[in-house]
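Examination of the molecular architecture
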Amino acid sequence: MEQSVFPKYTKAWLPYAAPAAAPSTPEEAARAELDNGLAHYGFARPVSLKTESLGEGYRIDASAEEIVIYGQGAGMLYGAFYLLRKIALGQEIVSETQQPEYALRMLNHWDNMDGTVERGYAGRSLFFEGSRFHYDPERLRFYGRLLSSVGINTITLNNVNVHPPAQHLIDDLLPEVVKIADLLRPYGIRLLLTVDFAAPTYNGLATADPLDETVIQWWKDRTAAIYQVIPDLAGFVVKADSEFRPGPITYGRNQAEGANVLARALKPFGGTLVWRCFVYNCRQDWRDQKTDRPCAAYNTFMPLDGQFDDNVLLQIKNGPVDFQVREPVSPLLLTLEKSNRALELQLAQEYTGQQIDLYYMQEMWQEIFDVLPRGNISAICSVTNLGRDENWAGHDLAMANLYAYGRLCWNPDCLKDDMAREWTQLTFGRNCAAVDEIARMLHSSRKTYQKYNAPLGIGFMVEPHVHYGPNPEGYEYSLWGTYMRADRNAIGIDRTAAGTGFTAQYPADLQKLYEDKSTCPEEMLLFFHRVPYDYVMEDGRTMVQRIYDDHFEGAEEAQALLESWKKLENQLPADVFARVLAKLEKQVVNARNWRDITNTYFHRYSGAEDAKGRVIYP
Ligand code: GCV
């Protein structure tokens, strides 16, 4: 493998030198990180590492001149990274013990073996090219360091849509997977393999029916063979019966019957079966007013609550539709009681600006945790935003999302702190003059994007397939169940008891809140209700005037982000400055397009003039 074919890459938030030699254990990695990190930050006190079994946690004793980090395996490495972070941020070092909130802190790559990344906006795959493994081992070690430094401990390599030849990652291509597992193990990172539910049929069986004895045996044998070579495999991930993927329904079985067969094959080895709940009818007819896509996951999985084995983890997208700019929390996350649940987020900015537009996610996650009782989920997962681009995430500032995500998985309490500021200080230096401004830009970015994007909880007003750029009716007459049904009087779908009944899926307090237009949070008004253009909002504006105002303001704020950035030219490395500048210039154009197309669209339907007389194109 020629190194020269691989691009260089930035050090992201780990500015000190990477260890010269590849560590073979997390303890070795911890020592190497400390040696380089302490020297880089000029930290004078001695630091030692001592073994103590604390699971993945660690204990810091700072009571004497010598600081001692106690831990074992990955726990020791997490302790070393934690201490280095505190030093980098200039925080007081105190004696304390830390444990992660969730055992599985996962990152899902949607990488294909041809080198493309589904919904990837940061270049080609870090792992694959030309239908084979193709990677820079040094870069993957750096990737391991980045993930470990924020506590992410589990990854999938390949897309949940398993495209050939990735179905062979569990058999013929397994020796190559083993190499990646070996490379990342010293960073405390375990692999999950994304498998195709129909895998037995690619291996000579006539069916993948989960109740067929030969199929059951096939999964057991294959799983045992995999654990022979990757004994610490975290388990499998499956996208079943979703967007044309095979699953138990294909064979007349239900989701629990399908999941349990794979879970039982994993059970003897302590593996987890991560089963995605993104199941809905993707062949809907827009003329059908009864089927309502947000209802789908709950309708499929709630009746099966209690039927999944204890090593099945149901992975549920944060919203009931599909990672839209603004959605309520998925009711399934709040109502399942007898099944293990994982929250699925999307760092990849599929609908949130594709790593061209700035969109910082901390506040969005905070809103989820505001309604999700602690303990309701036992794991967190996110679709990654990484690729082979020099700056890892395509947009330099999008790395703040990965950083905050890792910190969130370790402990959601971090959302109360300013993760944007922390990331900026670690990346550009604690005393960098741009810190305040960059943190401010990050925090304002989500509101700005929402203002110029689809209004008040409506989704899918985007270019079909690519999902970037405005196209109000791009998905209006499609098969995907993504309608808003605007006409000359109103916009939105009534999802209350009088409409599709979706609100009934929520616990009573939220049901009550969403059911009534006057209590429904305005940002989600058009998600839950069909609302006339002249509906009067809390502040006295009509709904359509609010849409116009938001879109004018959003485009202005995008322009202001660009102007803010221009002032930072001399405070940042020239390459970072130039890359982000180019992104913000594109964002300004994008925001104007959203403003003009959205405003014109609703103006044409409603006939309502803008109260402020601004330009809305006829
Ligand atoms: C991996 C959305 C995306 C698809 C993705 C799917 C999923 O529909 O557009 O690209 O497929 O979600 O989460 O499985």
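Preceding this section is the structure that the text describes.
Residues numbered from 1 in each chain as written. Predicted model: local features only at pLDDT ≥ 70, side-chain atom pairs only at ≥ 80, totals over all residues. Heavy atoms only, no water.

What follows covers the environment of Asp 292. Here Asp 292 is to be found in the loop between β11 (272-276) and α7 (296-301). Taking the relative accessible area as the measure of exposure, Asp 292 reaches 8% and is therefore buried. Distance from Asp 292 to Gln 217, taken between C-alpha atoms, is 38 Å for residues 75 residues apart in sequence. Setting aside its immediate chain neighbours within four residues, Asp 292 contacts Arg 495, Thr 500 and Phe 502. A polar contact is formed between the side chain of Asp 292 and the side chain of Arg 495, at a distance of 2.9 Å. (Helix = DSSP H or I, 4+ residues; strand = E, 2+ residues; numbered from the N terminus. Buried < 20%, exposed > 50% of the residue type's maximum accessible area, 1.4 Å probe, protein only. Contact = heavy atoms within 4.5 Å. Polar contact = N/O pair within 3.5 Å; in protein donor to acceptor, adjacent residues only side chain to side chain.)

Attention now moves to the site of the ligand. The environment of the ligand is made up of 14 residues, and the closest members are Glu 118, Lys 239, Arg 276, Lys 317 and Glu 350. Take Lys 239: an N or O atom from its side chain is 2.6 Å from an oxygen atom of the ligand. Between the ligand and the protein, one listed contact pairs an oxygen atom with a side-chain N or O atom of Arg 276 at 2.7 Å. Looking at the shell around the ligand, its residues break down into three nonpolar, three polar and eight charged. (Near = heavy atom within 4 Å. Nonpolar A, V, L, I, M, F, W, Y, C, P; charged D, E, K, R; others polar.)

Further remarks concern the side chain of Asn 391. For Asn 391, the position within the fold is in the loop between β14 (379-383) and α10 (399-410). For Asn 391, a relative accessible area of 3% gives the class buried. At 2.9 Å, the side chain of Asn 391 forms a polar contact with the backbone oxygen of Gly 394. Of the polar contacts made by the side chain of Asn 391, one reaches the side chain of Asp 396; its length is 2.8 Å. Not counting residues up to four positions away in its chain, the partners in contact with Asn 391 are Thr 10, Asp 396, Met 399 and Arg 579.

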